[in-house]
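Single-letter residue listing:
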Amino acid sequence: MKREGAVKFKGGPVTLVGPEIKPGDKAPDFKTLKVLDAVTLADTPAKARLFSVVPSLDTPVCSMQTKKFDDGLKALGDKVAAYTVSLDLPFAQKRFCTNANIATMTTLSDVHNGSFGKNWGVLIEGLPLPLLARAVFVVDKSGKVTYVEYVPEVTTEPNYDAALAALKSAA
């Protein structure tokens, strides 16, 4: 499934591969990497989960998004789990988190097979380098998606307040 013009990247429309996830949908499975360990949806805890999807942690907006969510999540403690998903290599993700003092967000790399991107409808098609579109998903403890934001322009920030409110409500 392809969704032409679903979002824009630097002003131009791009095609996203995969379905458009909506609140109420069952969270799709995926197989990502946390350094060299495989992580699937079933490997995440059965509690409210935030999936913050970014094109690359090596860019200013993605870095800011990860830091803002990391700061915003501290008040919720262990009632929630939070993940930053990108196509960055797991080693680059780990280095970023160490250098930026990221303590709450867990990074997941979709570089192995792009299953998160394809299953959650965030894989951008047609760029010289594969990237994921900027998006935020909240999944409740039963595995139901309760909040979705596909950021209309990939180079801009998501609505942090709405995402954190949805996560708090799901917790």
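In what follows, the structure referred to is the one given above.
Residues numbered from 1 in each chain as written. Predicted model: local features only at pLDDT ≥ 70, side-chain atom pairs only at ≥ 80, totals over all residues. Heavy atoms only, no water.

Enquirer: I keep staring at the packing of helix α1 (residues 60-73) against helix α4 (residues 160-170) and nothing clicks. Help me out?
Expert: The relative placement of two packed helices is expressed as an angle between their axes plus a distance between the axes. Relative orientation of the contacting elements α1 and α4 amounts to 40 degrees, with a least axis distance of 11 Å. Taken as axis vectors, α1 and α4 run oblique relative to one another. As for the relative orientation of α1 and α4, their crossing is right-handed in sense. Here Met-64, Gln-65, Lys-68, Phe-69, Gly-72 and Leu-73 of α1 lie close against α4, whose contacting residues are Tyr-160, Ala-163, Leu-164 and Leu-167. For the contact of α1 with α4, the residue count by class is seven nonpolar, two polar and one charged. (Axes fitted to C-alpha atoms, helices over the stretch in contact; angles between N-to-C directions. Helix = DSSP H or I, 4+ residues; strand = E, 2+ residues; numbered from the N terminus. Parallel < 35°, antiparallel > 145°, perpendicular 65-115°, else oblique. Left-handed = near helix turned anticlockwise from the far one by under 90°. Contact = heavy atoms within 4.5 Å. Nonpolar A, V, L, I, M, F, W, Y, C, P; charged D, E, K, R; others polar.)

Enquirer: Looking at this structure, how should I read unusual backbone geometry?
Expert: Most peptide bonds are trans, and most residues other than glycine sit at a negative phi. At Lys-10, a residue that is not glycine, the phi angle is positive and equals roughly 55 degrees. You can see Lys-10 is positioned in the loop between β1 (2-9) and β2 (12-17). Its relative accessible area of 68% is what places Lys-10 among the exposed residues. You will see that Asn-101, though not glycine, has its phi angle at about 55 degrees, which is positive. With respect to the element layout, Asn-101 can be found in the loop between α2 (90-100) and β7 (106-109). (Buried < 20%, exposed > 50% of the residue type's maximum accessible area, 1.4 Å probe, protein only.)

Enquirer: Honestly, the pattern of salt bridges in this entry has me stumped. Any pointers?
Expert: Counted under the stated rule, the structure contains four salt bridges. A salt bridge links Lys-22 to Glu-20; the nearest nitrogen and oxygen atoms lie 3.9 Å apart. Residue Asp-71 is joined to Lys-74 by a salt bridge in which the shortest nitrogen-to-oxygen separation is 3.4 Å. Residue Lys-74 is classed as partly exposed on the basis of its relative accessible area of 48%. (Salt bridge = Lys/Arg side-chain N within 4 Å of Asp/Glu carboxyl O.)

Enquirer: Honestly, the side chain of Ser-109 in this entry has me stumped. Any pointers?
Expert: As for its placement among the helices and strands, Ser-109 is situated in strand β7. Overall, the relative accessible area of 0% leaves Ser-109 in the buried class. One polar contact links the side chain of Ser-109 to the main-chain carbonyl oxygen of Asp-88, over a distance of 2.6 Å. From its side chain, Ser-109 meets the backbone nitrogen of Val-111 in a polar contact 3.3 Å long. (Polar contact = N/O pair within 3.5 Å; in protein donor to acceptor, adjacent residues only side chain to side chain.)

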